[in-house]
Amino acid sequence: MSLEIADAAVLEPGHPSPASPPMSEPAFKSDFLKVLQARGYIHQISHPEELDEAAAKGVVSGYIGFDATAPSLHVGSLIQIMMLRRLQQAGHKPIVLMGGGTTKVGDPTGKDEARKLLSEADIQANIASIKTVFAKFLTFGDGPTDAVMVDNDEWLSKFGYVQFLRDYGTHFTVNRMLAFDSVKLRLEREQPMTFLEFNYMLMQSVDFLELNRNRGCVLQMGGSDQWGNILNGVELIRRVEQKPAFGLTTPLLSTASGQKMGKTMSGAVWLNADMRSPYDYWQFWRNTEDADVGRFLRLFTDLPLDEIARLEALQGAEINEAKKVLANEATRMLHGAEAAQAAEAAARAAFEEGRLSGDLPTHEVAKAELEAGIALAALAADAGLASSRGEARRLAQGGGLRINDKQETDGNRTVTAADLVDGVVKLAAGKKKIVLVKPV
């Protein structure tokens, strides 16, 4: 019995299934899907009527997988974490699946080359670091709607190769796998795909099957780039187990100007505080484009929809107040109320009152190095104000770098101990980013 995607009812924006009202209408009766629809999370759903009925009748267990390719997730993963939060808020059970096994292979989706293979120790260290974020958004425990965290290495690493092929290889056709965007796009660009990566979609489908068998999980969620992989798991369960299974995806987020969500000039917007300070995290949200404020408030905060409607209707300079609300709410959820308040106060002191605050991010340099002199472009890049020295030079040439509030257009300008004011050098990029350079 090979796996070919059946003609399942699929609900997509602009392309509803024949039995389903359009996405813009209040089509659902379950609180879970009503909330997802109202807040803009839904891109595609398989078997929408069945999922809606199941979510209205009882507790639904749903999961999202997170590979451990770095010590922290970034803002691009936040919509998935929030989806698990919405699931729990609606009275259902979230499952956080850590990809201890799949990280050993690497998801080829959206990649032109294979991911760097990590050691077992690196993967486990990354998982330990990533885990801390989820407790900020979910309630874990043993109750019927408490979140649980599992690692797919528990089952994937126990399979023998021949056993895996015999048990699951017969359910997938190469014809279907070659049609997947993650494979097809790589081949069209004549970029090689290893056989290791080719197996990733099978492993993801087996994850869903294992969670269905052992934890009663019936729903897999993810970004729209995972739609094909998710459907494979849905159909595998429906054919092998003869049980209901569902898939749901969110839109892939980009800003109003087309920039990928979570990417900035200085790099990824990490969720772990030791990789991006609460102040910088607050500033990321404060710098949201005007056109994105309402959408991000719906997706990334728990504010009521009527309050969000009021905030996004603000015009002119008043929209900045809505951005501060977004920054406060998002930072409070991840780092706590105290950190959010401190970040707002530091920003107000620096930008509105012209004062320095101890809550501003700092970049430490060796005292001897500063006395010898450091090129501005190098210092700005090292301090996280630019992604590279070349980027910092271009920023300076455009008038975007300042030392102690004085514009500097030469990226090769040397910063020395003579630039210290009250023991620090105030280094700024644009209007919103400040770092205090401190000799140690």
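Look a little higher up for the structure.
One structure accompanies this document, and this report is about it. The shown structure was predicted, so the numbers you read here are calculated from the model rather than taken from an experiment. Along each chain, numbering runs from 1 in the same order as the chain's sequence is written. Only residues with pLDDT of at least 70 get local features here, since the model is predicted, and only at 80 or more are side-chain atom pairs given and counted; chain-wide, interface and lining totals rely on the full set of residues. Hydrogens are left out, water is left out, and the side-chain values use all remaining heavy atoms of the structure.

## Remarks on the overall build of the protein
What counts is decided by this rule: A run of DSSP states H or I qualifies as a helix once it reaches four residues; a run of E qualifies as a strand once it reaches two. Both are numbered from the N-terminal end. Think of it in three bands: residues with accessible area under 20% of the maximum for their type are buried, residues over 50% are exposed, and the middle band is partly exposed, with areas taken using a 1.4 Å probe on protein chains only. The contact criterion used is simple: two residues touch if any of their non-hydrogen atoms lie within 4.5 Å.
Secondary structure assignment for the protein yields 19 helices and 16 strands. Taking all 440 residues of the protein together, 51% fall into the buried category. Taking as baseline every contact in the protein between residues at least 6 positions apart, the subset at least 24 positions apart corresponds to 72%.

## Digging into helix α13 (residues 293-300)
Burial within α13 is extensive, with 6 of its 8 residues counted as buried. Buried within α13 are the following residues: Val-293, Gly-294, Phe-296, Leu-297, Leu-299 and Phe-300.

## Structural notes on the packing of α13 against helix α14 (residues 305-312)
Note the cut-off: For every element, the axis is a line fit to its C-alpha atoms; helices are fit only across the contacting stretch, and the angle between N-to-C directions ranges from 0 to 180 degrees. The scheme is simple: roughly parallel for angles under 35 degrees, roughly antiparallel for over 145, roughly perpendicular for 65 to 115, oblique for anything else. By the definition used in this description, the sense in which the near helix is turned from the far one sets the handedness, with an anticlockwise turn below a right angle giving left-handed and a clockwise turn giving right-handed. Each residue gets one of three labels, nonpolar for Ala, Val, Leu, Ile, Met, Phe, Trp, Tyr, Cys and Pro, charged for Asp, Glu, Lys and Arg, and polar for the others, Gly among them.
Where α13 meets α14, the closest approach of the two axes is 9 Å, and the angle between their N-to-C directions is 160°. The angle between the axes of α13 and α14 places the two elements in the roughly antiparallel class. Once α13 is placed against α14, the crossing between them reads as right-handed. Counting all contacts with α13, which are made through Gly-294, Leu-297 and Arg-298, the residues of α14 involved are Leu-305, Ile-308, Leu-311 and Glu-312. Of the residues that constitute the contact of α13 with α14, the class distribution is 4 nonpolar, 1 polar and 2 charged.

## Remarks on the sheet that holds strand β15 (residues 425-429)
Applied cut-off: Two strands pair under a simple rule: DSSP has to find at least two bridges between them.
In spatial order, the strands read β10-β16-β15-β12-β13; together these 5 strands make up an open sheet with mixed pairing. If you trace the sheet from one side to the other, it starts and ends with β10 (362-365) and β13 (406-407), each paired once. Bridge count for β15 against strand β16 (residues 433-439) is 5 bridges, and the pairing is antiparallel. Note on β16: the bridge partner recorded for Lys-426 is Leu-436.

## Quick word on helix α2 (residues 48-57)
Residue pairs spaced three or four apart in an α-helix point in one direction, given the helix's 3.6 residues per turn. Threshold: Starting at the helix axis, one direction is taken to each C-beta atom, and the arc is that of these directions.
Considered for burial, the residues of α2 that qualify are Pro-48, Leu-51, Asp-52 and Ala-55. Down the axis of α2, the buried set is contained in an arc of 100°. They therefore lie on one face.

## A look at unusual backbone geometry
Despite not being glycine, His-47 shows a phi value in the positive range, around 50°. Counting through the fold element by element, His-47 comes out in the loop between β2 (44-46) and α2. On the basis of relative accessibility, which here comes to 8%, the residue His-47 falls in the buried class. For Gln-242, which is not glycine, the phi dihedral falls at a positive 55°. Tracing the backbone shows Gln-242 in the loop between α11 (227-240) and β7 (246-250).

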